[in-house]
Amino acid sequence: RELIGGECSNWACIPTKTLLRPAEVRSESENAAGTDPAALNWPELDRYRDYMTGAGDDSGRVKGYEDRGVTVVKGDGRITGRGRLEIDGNPFSAEQILITTGSDPVIPPIEGLAEAGYWTNREATALHAIPSSAVIIGGGPVGIELAQFLHRFGTAVTVVQGAPRLVPREDARVCDLLTEAMREAGIDVRLDAQAVSVRREGEERVVTLEGGSELRAEQLIVATGRRPRGQGVGLETVGVDPGPHGIPIDEHCRVTDGVWAAGDCTGVMLFTHLAKYQARIAMADMAGAPVPADYRAIPRVIFTDPEVAAVGLTAEQADEQGIDAAAASVTLGSSIARPSTYEEAARGEVGVILDRDRRVMVGAWAVSPLASEWIHQAVLAIRAEVSYEVLIDTVAQFPSYSEAFLLALQAVDLD
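Residues numbered from 1 in each chain as written. Predicted model: local features only at pLDDT ≥ 70, side-chain atom pairs only at ≥ 80, totals over all residues. Heavy atoms only, no water.

What follows concerns the overall build of the chain. Each helix and strand in the chain was counted, giving 15 helices and 20 strands. Relative to the compact-globule value of 22 Å for 415 residues, the chain shows a C-alpha radius of gyration of 23 Å, a close match. For the chain, the C-alpha atoms occupy an extent of roughly 65 × 60 × 45 Å along the three principal directions. Among the 415 residues that make up the chain, the fraction classed as buried is 46%. Relative to all contacts within the chain whose residues are 6 or more apart in sequence, the contacts with residues 24 or more apart total 59%. Working note: accessible area of the chain is about 19800 Å², and carbon and sulfur atoms make up 51% of it. Each charge sign in the chain was given a centre, from 38 positive and 61 negative side chains, and these centres are 4 Å apart. (Helix = DSSP H or I, 4+ residues; strand = E, 2+ residues; numbered from the N terminus. Rg over C-alpha atoms; globule rule 2.2 N^0.38 Å. Buried < 20%, exposed > 50% of the residue type's maximum accessible area, 1.4 Å probe, protein only. Contact = heavy atoms within 4.5 Å. Areas by Shrake-Rupley, 256 points an atom, 1.4 Å probe, with all protein chains shown as cover. Lys, Arg positive; Asp, Glu negative; His and termini not counted. Charge placed at Lys NZ, Arg CZ, Asp CG, Glu CD.)

The following block contains the structure:
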C-alpha cells in the first residue's frame, strides 16, 4: 500500500540513525582527548538521508525483490476468505498468507492539535529545514532520539512527558541517567506534564499544559507511541478479531490456518529486529520445520548519546513475576579502563538482574557509549540461560566496555 521497507526503512530506524550519527561524531570529537569539535553540515546530511531512504522512491527495492523472483503488487490489500485476497479489487489466491502491516502513530486527543498542525516521526525524519524551536509531546524512544538530533543541530527543544519518567518501561535508574544526560545537554525535559490544548499563533504553535503554563515553538512533534495496524485487512473473513492490541498469534506466529503475522501488527514488541525474528519463525512454520518463538532476550536500544540498551526484565518486572531477583549496577568510569581511554569525561553505568533460584541472568541494561553493540553479551546470556558460574568465569577483552558485566555480576548478592 505504501513503500517497500515500511516504517523502518523510510521514516524510522534508518533515517533516525542516519540523522543522529553526525551529531554523535561531533560529541565524540568534543569528548575525546586531543581532538577539535567536528563541524556539522546539514545540507550534506539532508542529501545523504534522502539517499539512505530513497526519499519516497522504493523502485530499487521493488526491483531487488523482482530480481529474486518475487512479484510485487502495489495497492490496498485485504483477505476475503481462506486462501483468498483482493488487492484494489483484483482477486488473488494463496495457500499461505503472511500479514506484516506494521503500526500507526498514536495521536492523542488534545484540543486544537489537528488545527494547529504537527509532525509525526514521518515528517520529522524527512525534514529539509531545521526548525528554530520544537516542542515534542512524548518521552519515549522516538521522542528523545528526535529531541537530541534536533537539539544538536541548533533547535531549542522541549520534551513534554505525561509520565513521571522518560522511557518508563525501562529500569528506573536508566530513566534517571537518560533524563540527566538530556537536561545537561540543554534539552528542557518536562515530566508529569500533560498537554491539554494547542493553538496556532502566526508561525508558532502554542502548547498549553495542565496548570495553565504555555510553551511556544516553531514546530510541534507528536511522539506518543504507536498502535498495531491489524484492522481493515479482512481477518474477520477467516474468523479472527484483531482487537486493539494487535493481531493474535501463537508461538509459531500463526493467526489461523493458512495465515501468519509478524512485526508491529502483532503488538508483541514494536521493533524491526523483532519483526525480522517473527518472520523467520513464520517462514519456518510454513516450511514444515516449526520452531517456537522465544521473546525473553529481545534487545531494546535507544540511539541517544550516551546510548541506552536493555534486554530481558527490569528488576520491577522480575518482582512482578514472582522471581526472587538480585540486582546490581556499576559506574563505568570508576570501574574499568575503557571509558577513560574513549573520552576524557568517562560516562556510563551497567546493571544486571539475576534469578537467585536458577542462578541465571534475566535482565540487563547499559547507559553508555556503544551500548547497542556490547549489550548482546547479555542477550546471549539470557537467551541461553548461561549459569552465573560460567558468566563470572568468562574473560572479557581488556580494555573494553564488556568488562563491566563481570564487575556488575561480582556485585550481585545471590545469597
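From this point, the discussion proceeds with the structure in view.
Any pair of aromatic rings gets described here by the distance separating the centres and the angle formed by the planes. By the definition in use, this model includes eight aromatic pairs. Aromatic side chains Tyr-277 and Tyr-295 sit 6.3 Å apart centroid to centroid with 85 degrees between the ring planes, which places their arrangement in the edge-to-face category. Linking Tyr-277 in helix α9 (residues 272–286) with Tyr-295 in the loop between α9 and β16 (300–302), this pair joins segments that are 18 residues apart in sequence. The class of Tyr-295 is partly exposed, set by a relative accessible area of 25%. Ring pairs connect the aromatic residues Tyr-342, Trp-374, Tyr-401 and Phe-405, which therefore count as one cluster. Looking at Arg-122, its charged tip hangs above the ring of Trp-11, at a distance of 3.5 Å from the centre. (Phe/Tyr/Trp six-rings, centres within 6.5 Å; stacked < 30°, edge-to-face > 60°. Lys NZ or Arg CZ within 6 Å of the ring centre and 35° of its normal.)

This next bit is on the sheet that holds strand β1 (residues 77–81). Read from one edge to the other, the open sheet built from three strands follows the order β1-β2-β3, with strand pairing classed as antiparallel. Two strands bound the open sheet, and with one partner strand each, they are β1 and β3 (90–93). Mean inter-strand twist for the sheet, computed between neighbouring axes without regard to direction, equals 35 degrees. (Pairing = 2+ DSSP bridges. Axes fitted to C-alpha atoms, helices over the stretch in contact; angles between N-to-C directions.)

The element strand β19 (residues 349–355) is largely enclosed, with a buried count of seven among its seven residues. Of the strand pairs in this sheet, strand β18 (residues 325–331) and β19 are connected by seven bridges, and their pairing is antiparallel. Bridge pairing links Ala-327 to Ile-353 in β19. Across seven bridges, β19 lies against strand β20 (residues 360–368) in antiparallel orientation. Opposite Asp-355, over in β20, you have Val-360 as the bridge partner. As consecutive antiparallel partners, β19 and β20 are separated by four residues, and within that stretch Arg-359 has a phi angle of approximately 60 degrees, a positive value.

With that settled, the discussion passes to the nonpolar core. Nonpolar side chains tend toward joint burial in soluble globular proteins. Judged by nonpolar contacts, the single largest core of 40 residues is most densely connected at Ile-136, Phe-149, Leu-166, Leu-178 and Met-182. Of all the secondary-structure elements, those providing two or more residues to this core are α2 (13–31), α3 (42–53), β6 (133–137), α7 (141–152), β7 (156–160), α8 (172–185), β17 (307–312) and β20. In this structure, Ile-136 is in contact with Gly-143, Leu-146, Ala-147, Val-157, Thr-158, Val-159, Val-160, Ile-221 and Ala-223, ignoring residues within four places of it in sequence. Counting residues in hydrophobic clusters, the runner-up holds 31 residues, among them Met-361, Ala-378, Ala-408 and Leu-409. (Core = buried A, V, L, I, M, F, W, Y, C linked by side-chain atoms within 4.5 Å.)

Bringing the pairing of β20 into the picture now. When you tally the buried positions in β20, you get nine out of nine residues, the bulk of the element. Note: β17 against β20, six bridges, orientation antiparallel. The residue bridging Val-308 from the neighbouring strand is Val-367, located in β20.

Turning our attention to the state of the cysteines. Scanning all chains against the criterion turns up zero disulfides. Looking at the unpaired Cys-253, the closest cysteine sulfur is the one in Cys-265, lying at 9.4 Å. (Disulfide = S-S within 2.5 Å.)

Let's shift gears to the packing of α2 against α7. For the pair α2 and α7, the least separation of the axes is 9 Å and the interaxial angle reads 50 degrees. When the axis of α2 is compared with that of α7, the two are oblique. The handedness of the crossing between α2 and α7 comes out as left-handed. Counting all contacts with α2, which are made through Thr-16, Lys-17, Leu-19, Leu-20, Ala-23, Glu-24 and Ser-27, the residues of α7 involved are Glu-145, Phe-149 and Arg-152. Across the contact of α2 with α7, the residue classes break down as four nonpolar, two polar and four charged. (Parallel < 35°, antiparallel > 145°, perpendicular 65-115°, else oblique. Left-handed = near helix turned anticlockwise from the far one by under 90°. Nonpolar A, V, L, I, M, F, W, Y, C, P; charged D, E, K, R; others polar.)

Moving on to the packing of α2 against α3. Two numbers describe how α2 lies on α3: the axes approach to 9 Å, and their chain directions differ by 155 degrees. The angle between the axes of α2 and α3 places the two elements in the roughly antiparallel class. Handedness of the crossing formed by α2 with α3: right-handed. Facing α2, whose interface residues are Ile-14, Pro-15, Thr-18, Leu-19 and Pro-22, α3 presents Trp-42, Leu-45, Tyr-48, Arg-49, Met-52 and Thr-53. Grouping the constituent residues of the contact of α2 with α3 by class yields eight nonpolar, two polar and one charged.

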